[in-house]
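# Inside the fold
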Amino acid sequence: MSAGNEMPERGDQPLKKEIKHFTTMAREAWDEVNPRHQSYKKKSGHKKKFLRKNYHTLPAPLHEAFLDYGLEGRSVLHLCCNDGEELVSLKKLNAGRCVGVDISSSAIHSARVLAAGLHLDATFEVADVYDLPDAAYGRFDYVLLTVGALCWLPDLKAFFATATSQLKDGGHLVIMEQHPFSAIVEDDMKVSETFGYFDKTPYEEAGDLDYLGKEAYEGKTCYTFHHTLADIFSALLENKLQLSRFEEHPDDLSNLKRELERAPQTFPLSYLLVATLNIPT
Ligand SMILES: C[S@@+](CC[C@H](N)C(=O)[O-])C[C@H]1O[C@@H](n2cnc3c(N)ncnc32)[C@H](O)[C@@H]1O
């Protein structure tokens, strides 16, 4: 990540037009990187491994949470699902109705191919999460968000409102993400001199998003957003979601902080959050 100096400081509530500006750039960047990710997954043997019946890509704390809260037959809406691996993993583990949404048509094409290749019934739709109406595809037992998704969302409160409006009463919002603290610690374990934990300036990504094959290319300009733990908890409270599980973990799920994962002193590099919608009667 590098600081996007030309961009103005963000106010508390980005305008709809401003949100669209950022999500359009994100779409183009993700459309551009997806073929690279797919070819890396093919070459590295990952795609072949994924075909195995019991193989899945859920991090252990997320898998455990679904087992604890119950997965068999339960419906899942995965927002910002990319190429669908995590949702297809849940389907392999006997989830009920599964719908994945992503802004990148290239990623959604890959997700459909993945599910069809395994003869699994999961639906994938191209959409900007900020454009989803209430109960866009019905109401779900779970709304899921996984690693590397929240940083693409300029307005957390608006996103949580949309996510909540897809849940059944008693349903759960489940987030397994990079820990916001990890963003300010560099690989050499020094605190970043360019990026502060409370920094609200949109960050211009270096241009290439190939965190898998690490191919360097002249990528499209796009921006990410840093949300603190307080931003996340405030967005939950505003949407009347009740926190029911919160865990911090020393595991890097992003493939970007491997050095820190191996450090003698452990850092919080990821977290799992479950929040429940209880509509008062
Ligand atoms: C790092 S992936 C996260 C998914 C998954 N954990 C993974 O690692 O493949 C981020 C995804 O968010 C999607 N995304 C970003 N902004 C979005 C938006 N406004 N609406 C829907 N999807 C969005 C991108 O297209 C990308 O596929």
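In this report, the structure presented in the accompanying data block is examined.

Cut-offs and rules
Residues numbered from 1 in each chain as written. Predicted model: local features only at pLDDT ≥ 70, side-chain atom pairs only at ≥ 80, totals over all residues. Helix = DSSP H or I, 4+ residues; strand = E, 2+ residues; numbered from the N terminus. Rg over C-alpha atoms; globule rule 2.2 N^0.38 Å. Buried ≥ 20, exposed ≤ 12 C-beta atoms within 10 Å, placed from the backbone. Near = placed C-beta within 6 Å. Nonpolar A, V, L, I, M, F, W, Y, C, P; charged D, E, K, R; others polar. Axes fitted to C-alpha atoms, helices over the stretch in contact; angles between N-to-C directions. Contact = placed C-beta atoms within 7 Å. Parallel < 35°, antiparallel > 145°, perpendicular 65-115°, else oblique. Left-handed = near helix turned anticlockwise from the far one by under 90°. Core = buried A, V, L, I, M, F, W, Y, C linked by C-beta atoms within 7 Å.

### Quick word on the overall build of the chain
Helices and strands together make up the secondary structure of the chain, namely eight helices and ten strands. Its C-alpha radius of gyration of 18 Å places the chain within 12% of the 19 Å reference for a compact globule of 281 residues. Dimensions along the principal axes, computed over C-alpha positions, put the chain at roughly 50 × 50 × 40 Å. For the chain, the proportion of its 281 residues judged to be buried stands at 37%.

### Quick notes on the site of the ligand
Near the ligand, the surroundings consist of 18 residues, among which Trp30, Cys80, Asn82, Gly148 and Trp152 are the closest. Here the shell around the ligand gets three residues from one element, more than from any other, and that element is helix α1 (residues 16-43). Residue composition of the shell around the ligand, by class: ten nonpolar, five polar and three charged.

### Some points on the packing of α1 against helix α5 (residues 105-117)
The contact between α1 and α5 brings their axes to 7 Å, and the two run at 35°. Every residue of α5 that contacts α1 at Trp30, Asp31, Asn34, Pro35 and Gln38 is listed here: Ser105, Ser106, Ala107 and Ser110. For the contact of α1 with α5, the class distribution of residues is three nonpolar, five polar and one charged.

### Observations regarding the packing of helix α6 (residues 156-164) against helix α7 (residues 229-238)
The geometry of α6 relative to α7 is characterised by a closest axis approach of 9 Å and an angle of 45° between their N-to-C directions. Classed by the angle they form, the pair α6 and α7 counts as oblique. Considering how the two elements wind past one another, α6 and α7 form a crossing that is right-handed. Of α7, the residues touching α6 (which contributes Leu156, Lys157 and Phe160) are Asp231, Ile232, Ala235, Leu236 and Glu238.

### A few points about the nonpolar core
In terms of nonpolar packing, the biggest core is built from 61 residues, with Val76, Leu79, Val143 and Leu173 touching the most fellow members. Once residues within four sequence positions are removed from consideration, Leu79 is found in contact with Val101, Val129, Val143, Leu145 and Ala163.

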